[in-house]
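Results of the structural survey
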Amino acid sequence: MQMPARKAAANSSGTAPDLAIAVALALALCLSSCSIEKLALKKVAGMLSGSSASADVFTSDNDPDFVGDALPFAIKLYETLLASLPEHDGLRLRTGSLYVMYANAFVETPADMTPRAELETKEYLLARAKNLYLRGRDILFKSLEKKNPRIREQLKDRQYREAMAPFGKADAPLLYWTALGWLAAFSVDPLDMTLGQTVPQTRAMIERVAALEPGYGKGALDAFFVGYYGSLPGYLGGDPAKAREHFARAQAVAAKSDTSSLLSLATTVCVNEQNAAEFKRLLGEVLAFDPESSPPNRLVNILNQRKARWYLAHIDDFFIETEHP
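First things first, this report covers the structure right here in the doc. Keep in mind that this is a model prediction, so the values were computed, not measured.

If you walk through the whole model with that rule in mind, you get 15 aromatic pairs. Three or more aromatic residues joined by ring pairs form one cluster here, namely Tyr176, Trp177, Tyr216, Phe224, Phe225, Tyr228 and Tyr229. Seen from the ring of Trp182, Arg137 lies directly overhead, with NZ or CZ sitting 5.0 Å from the centre.

If you walk through the whole model with that rule in mind, you get 1 cavity of 30 Å³ or more. What the largest cavity holds in volume is close to 50 Å³. For the lining of the largest cavity, the elements supplying multiple residues, two or more each, are α11 (220-231), α12 (240-254) and α13 (260-272). Considering every element that reaches the lining of the largest cavity, the biggest residue donor is α12, with 3 residues. Residue classes in the lining of the largest cavity are distributed as 5 nonpolar, 4 polar and 2 charged.

Now for α11. The terminal C-alpha atoms of α11 lie 17 Å apart, and with 12 residues this matches the ideal 16 Å at 1.5 Å per residue to within 8%. Summarising burial for α11: 10 of the 12 residues are buried, a large majority. Inspection of α11 places Leu221, Asp222, Ala223, Phe224, Phe225, Val226, Gly227, Tyr228, Tyr229 and Gly230 among the buried residues, and these make up the whole buried set.

Rules used in this analysis
Residues numbered from 1 in each chain as written. Predicted model: local features only at pLDDT ≥ 70, side-chain atom pairs only at ≥ 80, totals over all residues. Heavy atoms only, no water. Phe/Tyr/Trp six-rings, centres within 6.5 Å; stacked < 30°, edge-to-face > 60°. Lys NZ or Arg CZ within 6 Å of the ring centre and 35° of its normal. 1 Å grid on protein atoms, 1.4 Å probe; cavity = no way out; pocket = protein on both sides within 12 Å on 5 of 7 lines; lining within 4 Å. Points joined across faces, edges and corners; volume = space filled by probe spheres on them. Helix = DSSP H or I, 4+ residues; strand = E, 2+ residues; numbered from the N terminus. Nonpolar A, V, L, I, M, F, W, Y, C, P; charged D, E, K, R; others polar. Expected span 1.5 Å × (residues − 1). Buried < 20%, exposed > 50% of the residue type's maximum accessible area, 1.4 Å probe, protein only.

Here's what the structure looks like:
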């Protein structure tokens, strides 16, 4: 009678280890699967965000409309990866900066070229551009807060030196694109006084970039300052003389590769000063530029030429008096 009891006990003691082993194996396989998936995501994120090749696929293209159609899918792909890897700073930088690039090239630019008669469409596109600029800025700002948790309150309290102190040369792209998206959002909606009050904060970021890396972007920083000083009113820091100084620096560095400073000076300072002759000369230089001479900047130069043609075709909208042949 005792033998069956002992046999049952033996079976019972044998079943428990088997079950524990099975559970342990299942957990191990699950954890292994999660680890492999995470490693794969990190590998893909590193390839997409760390290599210039992925950016060159867009910036070197010769068909702006094709790139404009493809970018939204690419941006959402980056954003999906970022949701799984929120601590990946390189992926965050690429995602946020792509939002800013897309908003500028494929939303704000078409808005600028929309006829005044189509006011509703124009306002819709500008509102959409503002939203995308701020979305990019907010994505990037999370990396700034990671480096300096007090940056929001310091910027708000105008403690610009303290706010920027934690950032080094490696952070220059992050500061640049955050400020660019932030300021661009105000530029499309200059009646937003809440954003207008934050313009000095963006300036602090850009000045930090200039201090860390004066030649940042091979003339991109000076091209930014051309538009910054050339477009803002004086009470917000606008200064045509400084815009021209930065234009000369940008041309010294990038005259053979990028037409952005030419377009920027023409559409800001020349318009504000009502200098139609210089306006036409600068835009003529944009149109005369060969995009094939600078493959990495092919897309931006083609887009700049598209803008230049439109501005010249609508010159009477920007100048009180112009000379016509």
